[in-house]
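# Structural overview
This is what each chain is made of:
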Amino acid sequence: MQFFNFFLNSSLLVLVLSMSTKTDGQVRKTIIVDQSGHGSFTTIQNAIDSVPSNNEAWTLIHVKAGIYNEKVTIPRDKPRILLQGESYSVQDTLTDSEGRHYFENCYIEGAVDFIWGNGRSIYQGCNLNVTASAQRSGMAAYITAQARDSVVDHSGFVFKEGWIFGTGPAYLGRAYKPYARVLFYRTRMSGIIVPQGWSAWNYVKKENSIVYAEVDCTGAGANKSKRVAWEKKLSSKDLSYLLDINTFINNGGWIQRQPKRGS
Ligand SMILES: *[C@@H]1O[C@H](CO)[C@@H](O)[C@H](O)[C@H]1NC(C)=O
Ligand SMILES: *[C@@H]1O[C@H](CO)[C@@H](O)[C@H](O)[C@H]1NC(C)=O
């Protein structure tokens, strides 16, 4: 069972928090990953593999700067792992599925459905670098492909106070499942966003169930005058539910129980 998969490449800060129900909030062990061989491991996956299953203590995996082209899997039975990069990015595909996630100040680069899945996630202050035309000779990019598939599915992606830039054209999202839910809030969007903004993909004429919204975004790409008519206007109740870490992803208070970030 995979809890979380993503491809890592190089560059920027890092913080991926996984879910847990009990912990004393202290990092008990730190593992250094360093490609140049000066750490305990040269790959992130080997470091994760070294953590015992059902680990009671928090383990911080500190990734030294470098380009790590890995598909990293954190198994569900290793709940207390904190990944921290000096320099860290995700390129092409971030599989954000199964569970609640909090990403802070991450750098994510990609073109096709580059953040996808049915995760229930907040992306705080993340920079999204779209590389559509470079990789796909002018074909449009899709920043998200969210996979919420029913009204009772709690998943959704919320992007708060981040920045979208790069080379377009790019859609903010295409519906991977009929109840796809994505919110961009106070996001700075460069002019690479297509005027219509969103794609219903396989759910044309069924757009009522798709929950795509933008609130208080800025920049040339945030002009909503030609957006699809079915973009949703969230009620203030729904908006605050999605924006508030405590209501949307922090049930049970797992975020407060994360260890303090190491240096
Ligand atoms: C965005 O990604 C492209 C392609 O990898 C890269 O050349 C460019 O420097 C990136 N932009 C920023 C601001 O990181
Ligand atoms: C938004 O786009 C419309 C149509 O292209 C244009 O008339 C309008 O001036 C734009 N608004 C802003 C704030 O740039």
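What you see is a predicted model, and the numbers here were worked out from it, not measured in a lab.

Reading the values: rules and limits
- Residues numbered from 1 in each chain as written.
- Chains lettered and ligands numbered in written order.
- Predicted model: local features only at pLDDT ≥ 70, side-chain atom pairs only at ≥ 80, totals over all residues.
- Helix = DSSP H or I, 4+ residues; strand = E, 2+ residues; numbered from the N terminus.
- Buried ≥ 20, exposed ≤ 12 C-beta atoms within 10 Å, placed from the backbone.
- Contact = placed C-beta atoms within 7 Å.
- Core = buried A, V, L, I, M, F, W, Y, C linked by C-beta atoms within 7 Å.
- pLDDT = per-residue confidence, 0-100.

### Points about the overall build of the chain
A tally of regular secondary structure across the chain gives four helices and 22 strands. Within the chain, buried positions represent 40% of all 263 residues. A separation of at least 24 residues holds for 72% of the contacts in the chain among residues at least 6 apart in sequence.

### Brief notes about the nonpolar core
It is characteristic of soluble globular proteins that their nonpolar side chains tend to be buried jointly. Core analysis: the largest hydrophobic core is formed by 47 residues, its most contacted members being Ile108, Val130, Ile143, Val158, Ala170 and Ala180. Counting 13 residues, the second largest nonpolar core, distinct from the first, contains Ala47, Trp58, Ile81 and Leu82.

### Examining the environment of Gln45
One can find Gln45 in helix H1 (residues 44-49). Spatially, the C-alpha atoms of Gln45 and Val33 are 9.5 Å apart, while their sequence positions differ by twelve residues.

### Some points on the confidence of the model for the chain
Of all residues in the chain, 81% have pLDDT values of 70 or greater, and the mean over the chain is 82. Confidence over residues 1-23 falls short of pLDDT 50; this stretch has 89 contacts with residues more than four positions distant or in other chains.

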